[in-house]
Amino acid sequence: MTAPAATILYDTVRWEEKALSGAARRAGADVRMLDCRSLSLDVDGEARGYGTVLQRCVSYYRNVHSTAALEGMGARVINCLRTGMLAGNKLYTHMLLRKAGVAVPRATVSFSRDAALGAAGRLGYPCVIKPTVGSWGRMISRLSGAEAASGILEMREAMHPLYQVHYVEEFVKRPPRDIRAIVVGDRVVAAIYRHSDGWKTNMALGGRAEPCSVGAEMEDVCIRARDAVHGEIVGVDLMEDEARGLLVHEVNNTTEFKNTVRVCGVDIPSIMVSHALEAGRR
Amino acid sequence: MASCAECDAAIALPDDAVAGEIVTCAECGSSFELVASGGSMALKPAQSVGEDWGQ
Ligand SMILES: Nc1ncnc2c1ncn2[C@@H]1O[C@H](COP(=O)(O)OP(=O)(O)OP(=O)(O)O)[C@@H](O)[C@H]1O
Ligand SMILES: [Mg+2]
Ligand SMILES: [Zn+2]
C-alpha cells in the first residue's frame, strides 16, 4: 500500500471532517481518515504512511500528544505542536496576541476564589469567566456582580483543576455579534458574523450566521493573530469594540467552518485540502 | 436504519455515514457514535463532551 498524500486525524467526526474527506475525494487525492483512538505509536520510530497530517482532534490532550508524537517522528502536522499547545489555551493565546500587537479584551488570571473576586472587582462588572481550555461557550459565565461571581467561583472550586484557573475578561462593549474568520495559509478565506439574542454568540448555542466581508484591517489582524500562535489553518474569533475596534478573543486550531461554508458559499474544505497537499509537496 | 437503545425509535443513518460520526435520536435526543461492524454500522452511546474538548 502506498502512503496517502494526507491523513485527517480525528477523534469525533463533525460536519467538517466529512467535508474535508469529501473535498479530498473530489480532488482525486489519496487522503485517509484516521481515528486517533485507534493509534498506537512507537514514538522512537519514523512516521511513515501518513503524508501531511491534518490534526482535527477535539480533545486538547489527544490533539497535542498525538501531534507531539507524529511531528517528533518526522510527520508534517497541520497545525503544528506549538500551535496546538498555544492556541488550545485562551490565556497562552492572550499573552501571545498582546506581544504580537493584536488588540485583545482586558484580562486577568487568578488561582483562588478570593483572588478572582479581587480581579473581577478591578475589571468591573459585568465581566466574563472562561475555562482556559474549551469551546462552544461551555462553562463560560457572565459575572453580573460580586454576589453572582462568588457563587460561580465557589462551584468552580469543587470542579476539575482546569476550572480552578480563573481567567476573567472584561465584558466587551460590542454589537450583539462576534466574527469568526477562517485563515488558511496566508489568506483569510471567509468570515461570518455570529448573531444571537443571548450574550454568547456561539453557533453551537443557536447563534445565527451571516457573511462578513473581510477588509484590509481585519485581514491584517487575523494574519497577525495566526502568526502569534504560529498557526497555519486557524479560526480567528473577533469582537468589534465600540472604542478600540477589532479585538481578538481567541484563535481556534481545529476550527469549525460549517456555517461559514453555508452562508459564504466558499469551498473552505477544498482550500484546506489543497493547502495540506501543497504543504506535503514542499 | 438503526434503533435507539434508549427509546427504541428508528434512527435514520446518513447515506455517507462514517465510523466515528455522531447521530442523535430525533425522538429522545440521545446521541450515539457510529461504529463499523461487519460491513454495516452499529450504534454505541456517544462519549459526552470532555472537559478538554474544544475547536
Ligand atoms: N470578553 C467578552 N465580552 C463579551 N462577550 C464575550 C467575551 N468573550 C466571549 N464573549 C462571547 O461569548 C462567546 C464565547 O466566547 P469564546 O469564543 O471565548 O468561547 P469558546 O467557548 O472558545 O467559543 P468557540 O466555540 O467559538 O471557540 C463569544 O462568541 C462571544 O460572543
Ligand atoms: Mg474556541
Ligand atoms: Zn431515542
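Since we're looking at a predicted model, the values are computed, not measured.

Undergrad: So what exactly am I meant to see when it comes to the sheet that holds strand β5 (residues 107-110) of chain A here?
TA: Pairing between the strands of a sheet is mediated by backbone hydrogen bonds and can be parallel or antiparallel. Residues and elements named next belong to chain A. Spatially, β5-β8-β6-β7 is the arrangement adopted by the four strands of the open sheet, whose pairing is antiparallel. The sheet terminates laterally at β5 and β7 (141-143), the two strands that pair on one side only. The mean angle between the axes of side-by-side strands here comes to 30 degrees, regardless of whether they run parallel or antiparallel. As paired elements, β5 and strand β8 (residues 166-170) share four bridges and run antiparallel to each other. When the bridges of β8 are listed, Val109 appears paired with Tyr167.

Undergrad: Any chance you could explain the interface of chain A and chain B here in plain terms?
TA: The parts lose accessible area when they come together, and the size of an interface is often stated as this lost area. Contact residues are listed per partner, giving 21 residues for chain A and 13 residues for chain B. Those elements that provide at least two residues to the side of chain A that touches chain B are β2 (31-35) and α2 (60-72) of chain A. For the side of chain A that touches chain B, the residue count by class is eight nonpolar, nine polar and four charged.

Undergrad: Is there a simple way to explain the domain arrangement of chain A in this structure?
TA: Taken domain by domain, chain A holds domain 1 (6-86 + 274-281), domain 2 (92-103 + 173-266) and domain 3 (107-170). The gap between the C-alpha centroids of domain 1 of chain A and domain 3 of chain A is 34 Å.

Undergrad: What is the right way to read the packing of helix α1 (residues 15-26) of chain A against helix α9 (residues 268-281) of chain A from this model?
TA: The description of two helices packed together rests on the angle between their axes and the distance between the axes. Residues and elements named next belong to chain A. Two numbers describe how α1 lies on α9: the axes approach to 8 Å, and their chain directions differ by 65 degrees. Judged by the inter-axis angle, α1 sits roughly perpendicular to α9. In this structure, the crossing between α1 and α9 has a hand that is right-handed. Each of Ala19, Leu20, Gly22, Ala23 and Ala24 in α1 lies in contact with α9, whose residues at this interface are Pro269, Ser270, Met272 and Val273.

Undergrad: Sorry, what's going on with helix α7 (residues 216-228) of chain A here?
TA: A turn of α-helix holds 3.6 residues, and therefore any two residues three or four places apart point the same way. All names here are of chain A. Taking 1.5 Å of rise per residue, the 13 residues of α7 would be expected to cover 18 Å, and the 18 Å separating its terminal C-alpha atoms lies within 8% of that figure. Burial in α7 covers these residues: Met218, Val221, Cys222, Ala225, Arg226 and Ala228. For α7, the arc enclosing every buried residue in end-on projection is 160 degrees, short of the 170-degree limit, so these residues lie on one face. Its buried side turned inward, α7 meets α4 (90-99), β9 (177-184), β10 (187-195), β12 (233-241) and β13 (245-252). Where α7 terminates, the next one or two residues include His230, which has phi positive at roughly 55 degrees.

What counts and how
- Residues numbered from 1 in each chain as written.
- Chains lettered and ligands numbered in written order.
- Predicted model: local features only at pLDDT ≥ 70, side-chain atom pairs only at ≥ 80, totals over all residues.
- Pairing = 2+ DSSP bridges.
- Helix = DSSP H or I, 4+ residues; strand = E, 2+ residues; numbered from the N terminus.
- Axes fitted to C-alpha atoms, helices over the stretch in contact; angles between N-to-C directions.
- Contact = placed C-beta atoms within 7 Å.
- Nonpolar A, V, L, I, M, F, W, Y, C, P; charged D, E, K, R; others polar.
- Domains from an automatic or database assignment.
- Parallel < 35°, antiparallel > 145°, perpendicular 65-115°, else oblique.
- Left-handed = near helix turned anticlockwise from the far one by under 90°.
- Expected span 1.5 Å × (residues − 1).
- Buried ≥ 20, exposed ≤ 12 C-beta atoms within 10 Å, placed from the backbone.
- Arc of directions from axis to C-beta.

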